[in-house]
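# Topology and contacts: notes
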Amino acid sequence: MTDKLSDTGRKTMLEPLLATGWELDEGRDAIAKTFVFDDFVGAFGFMTRAALWAEKWDHHPEWSNVYKTVKVVLTTHDVDGLSALDVKLARKMDQIAGA
Ligand SMILES: C[C@H](O)[C@H](O)[C@H]1CNC2=NC(N)=NC(=O)C2=N1
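Residues numbered from 1 in each chain as written. Predicted model: local features only at pLDDT ≥ 70, side-chain atom pairs only at ≥ 80, totals over all residues. Heavy atoms only, no water.

In the nomenclature of an unreviewed UniProt entry, the protein chain corresponds to Putative pterin-4-alpha-carbinolamine dehydratase from the organism Lacimonas salitolerans. Under Sequence similarities (unreviewed entry), UniProt gives the following word-for-word description of the protein chain: "Belongs to the pterin-4-alpha-carbinolamine dehydratase family." (UniProt positions renumbered as here; feature names shortened; annotations may be inferred.)

Set out below in structure tokens:
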């Protein structure tokens, strides 16, 4: 079972993500980021690669795509807030987008 992030976890794990463009939605206890690629193939390629990790980890993003833009919201529905799984998927998405 995944636990909600503790105060310490928020400091150590969330702060580096906020520095890479993720934003905290405190009302929902979620993090969000907008990724902009060169074109639709870049955006959809990112989604395809991220989807495989999401499925492997059984942790799925809320996201939308318009042309070359992908808007992502991560939160853990099972705990009604942020968990380490959101951090893990956010890091992976940053890695994929930067590759
Ligand atoms: C049964 C299944 O393991 C759960 O419903 C998983 C699936 N994917 C999930 N994704 C997200 N973002 N949060 C969850 O709590 C979650 N739970």
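### Quick notes on the pattern of salt bridges
Applying the stated criterion across every chain yields a total of four salt bridges. Close ionic contact of arginine 10 with aspartate 29 constitutes a salt bridge, the shortest N to O distance being 3.0 Å. Highlighted residues: arginine 10 in helix α1 (residues 7-18) and aspartate 29 in the loop between β1 (23-25) and β2 (30-36), separated in sequence by 19 residues. Judged by relative accessible area, arginine 10 falls into the partly exposed class, the value being 22%. Arginine 28 is paired through a salt bridge with glutamate 62; the nearest N and O atoms lie 2.9 Å apart. Linking arginine 28 in the loop between β1 and β2 with glutamate 62 in strand β3 (residues 62-66), this pair joins segments that are 34 residues apart in sequence. Judged by its relative accessible area of 38%, arginine 28 is partly exposed. (Salt bridge = Lys/Arg side-chain N within 4 Å of Asp/Glu carboxyl O. Helix = DSSP H or I, 4+ residues; strand = E, 2+ residues; numbered from the N terminus. Buried < 20%, exposed > 50% of the residue type's maximum accessible area, 1.4 Å probe, protein only.)

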